Amino acid sequence: MEPRPTTVTDSRRRLADRVASGLPTPVPLCVDALGARLAEQLGYHAGYVSGGAIGFAKAVSEGLLAFSELAEAAASLTLRSSLPIIVDGAVGFGDPVHVTRMMWEFEAAGAAAVELEDQVAPKRVSHHRGIEHLVGTQEMAAKVAAAVAARQDPNFLVIARTAALRHEGVAAACARARAYVDAGADLILIPLPYADGELEQIRDAVDVPLATIGLFDQAANAYGRGVTLFIDSITPHAVTFAATRELLRRHQEGLPSGMELADVMATYRELGDVGGFDDLYDIERATTERGT
């Protein structure tokens, strides 16, 4: 029988210890439990539930999601995987009171960490087009403080993300980062891109680990500049979408899929293996043999 997933407490502690060690930690997008189990089997140390990915999947955008949808997504992953899950908390879905409720739900869902960003609430749909509007430093710091106060497990990490580098410059990004750390943030996340020397200035301005979000092809350079946690919420989604679109296009044009039928079926059979269906087969077999 496959062992049950480790406890949520163990999962959170593993991620917190990994971050504290400073070891480079790539974090792939996991849109479902199958993806989380696959990432875990391949040796990843964390996965990311992205509001952007869920918003695209529902065709409504991240800006129109409720925190309950993110909590539900996280819970479906932690139910069937012991991979530590970082949840995209976006802008906290409101003021510090809303952040508090969000934290209750995310912690109950088994998440290992939450990421909060300093854009306006409600989050704008045009964020997807790179149009961002930042809140004041103290307003964001109050949300960070509320998140820290709301958690029950101290290993449940609070990641504060700032877009100030892109919109206000490196000095403002350093000031915001310091304020968020003073409010209790466990990590500071600076999204790519950044120019030479900018990330290093922010790294020197705070005494907590740095995270970033970008494409895995950019990860090596980020690790070399002091990043510990590297989240890629885009590449897995984009690659999957591109492959599906090409398959459907080829079928519509009367072309073969481009994958041998034997390979298709072999891969299909792997889905159950990764999903942990052997345990379910054993239960079904045992009950069938007893005539129930």
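What counts and how
- Residues numbered from 1 in each chain as written.
- Predicted model: local features only at pLDDT ≥ 70, side-chain atom pairs only at ≥ 80, totals over all residues.
- Heavy atoms only, no water.
- Helix = DSSP H or I, 4+ residues; strand = E, 2+ residues; numbered from the N terminus.
- Buried < 20%, exposed > 50% of the residue type's maximum accessible area, 1.4 Å probe, protein only.
- Polar contact = N/O pair within 3.5 Å; in protein donor to acceptor, adjacent residues only side chain to side chain.
- Contact = heavy atoms within 4.5 Å.
- Pairing = 2+ DSSP bridges.
- Axes fitted to C-alpha atoms, helices over the stretch in contact; angles between N-to-C directions.
- Expected span 1.5 Å × (residues − 1).
- Arc of directions from axis to C-beta.
- Phe/Tyr/Trp six-rings, centres within 6.5 Å; stacked < 30°, edge-to-face > 60°.
- Lys NZ or Arg CZ within 6 Å of the ring centre and 35° of its normal.
- Right-handed = clockwise from strand over helix to strand, strands pointing away.
- Parallel < 35°, antiparallel > 145°, perpendicular 65-115°, else oblique.
- Left-handed = near helix turned anticlockwise from the far one by under 90°.
- Nonpolar A, V, L, I, M, F, W, Y, C, P; charged D, E, K, R; others polar.

### A word on the side chain of Lys123
Mapped onto the elements of the fold, Lys123 is located in the loop between strand E4 (113–117) and helix H6 (137–150). Among the residues examined, Lys123 registers a relative accessible area of 9% and is labelled buried. Side chain to side chain, Lys123 and Glu62 meet in a polar contact 3.1 Å long. Reaching out from Lys123, the side chain makes a polar contact with the side chain of Glu117 at a distance of 2.9 Å. Not counting residues up to four positions away in its chain, the partners in contact with Lys123 are Glu62, Gly63, Ala90, Val91 and Glu117.

### Section: the sheet that holds strand E2 (residues 47–49)
On the basis of which strands lie adjacent, the open sheet formed by 8 strands has the order E1-E8-E7-E6-E5-E4-E3-E2 and parallel pairing. Taken across any chain shown, the strands that pair with only one partner, and hence form the sheet edges, are strand E1 (25–28) and E2. Taken pair by pair, the neighbouring strands of this sheet meet at an average axis angle of 25 degrees, ignoring direction. As judged from the 5 bridges shared by E4 and strand E5 (residues 157–161), these two strands associate in the parallel manner.

### Considering helix H8 (residues 170–182)
Given a rise of 1.5 Å per residue, 13 residues ought to cover 18 Å, and the 18 Å separating the end C-alpha atoms of H8 matches this to within 8%. Residues of H8 that are buried: Ala173, Cys174, Arg176, Ala177, Ala179, Tyr180 and Val181. Looking at the packing, one finds that the buried side of H8 touches H6, E5, helix H7 (164–167), strand E6 (187–189) and helix H9 (198–205). Just downstream of H8 lies Gly184, where phi reads positive at about 115 degrees.

### Here's the deal with H9
The set of residues buried in H9 consists of Leu199, Glu200 and Ile202. Looking down the long axis of H9, one finds its buried residues gathered within 160 degrees of arc, a one-sided arrangement.

### Digging into the packing of aromatic side chains
Enumeration over the complete set of coordinates arrives at 4 aromatic pairs. Ring centres of Phe67 and Phe93 lie 5.9 Å apart, and the angle between their planes is 75 degrees; this geometry places the pair in the edge-to-face category. Of this pair, Phe67 sits in helix H4 (residues 67–80) while Phe93 sits in the loop between strand E3 (85–88) and helix H5 (96–108), and the two are 26 residues apart along the sequence. The class for Phe67 is buried, based on a relative accessible area of 15%. Classification of Phe93 as partly exposed rests on a relative accessible area of 21%. On the numbers, 6.0 Å between centres and 35 degrees between planes, the contact of Phe216 with Phe230 is tilted. Of the two residues, Phe216 sits in the loop between strand E7 (210–213) and helix H10 (219–224) while Phe230 sits in strand E8 (residues 227–232), which places them 14 residues apart along the sequence. Using a relative accessible area of 0% as the deciding quantity, one classes Phe230 as buried. Here a set of aromatic residues connected by ring pairs shows up, and it is made of Phe216, Tyr223 and Phe230. Over the aromatic face of Phe156 sits the side chain of Arg12, whose NZ or CZ is 5.2 Å from the ring centroid.

### What to know about the pairing of E4
The element E4 is extensively covered by neighbouring structure, given that 5 of its 5 residues are classed as buried. Both faces of E4 are covered, namely the face carrying Ala113, Glu115 and Glu117 and the face carrying Val114 and Leu116. Crossover E3 to E4 through H5 is right-handed. Following the chain from E4 across H6 to the adjacent parallel E5, one finds a crossover that is right-handed.

### Observations concerning the packing of H8 against H9
It is at 9 Å that the axes of H8 and H9 come closest, and there the two elements cross at 30 degrees. In terms of orientation, H8 lies roughly parallel with respect to H9. Crossing geometry of H8 relative to H9 is assigned as right-handed. Contacts from Val170, Ala173, Cys174, Ala177 and Arg178 of H8 reach H9 at Glu198, Gln201, Ile202 and Ala205. Residues of the contact of H8 with H9, tallied by class, amount to 6 nonpolar, 1 polar and 2 charged.

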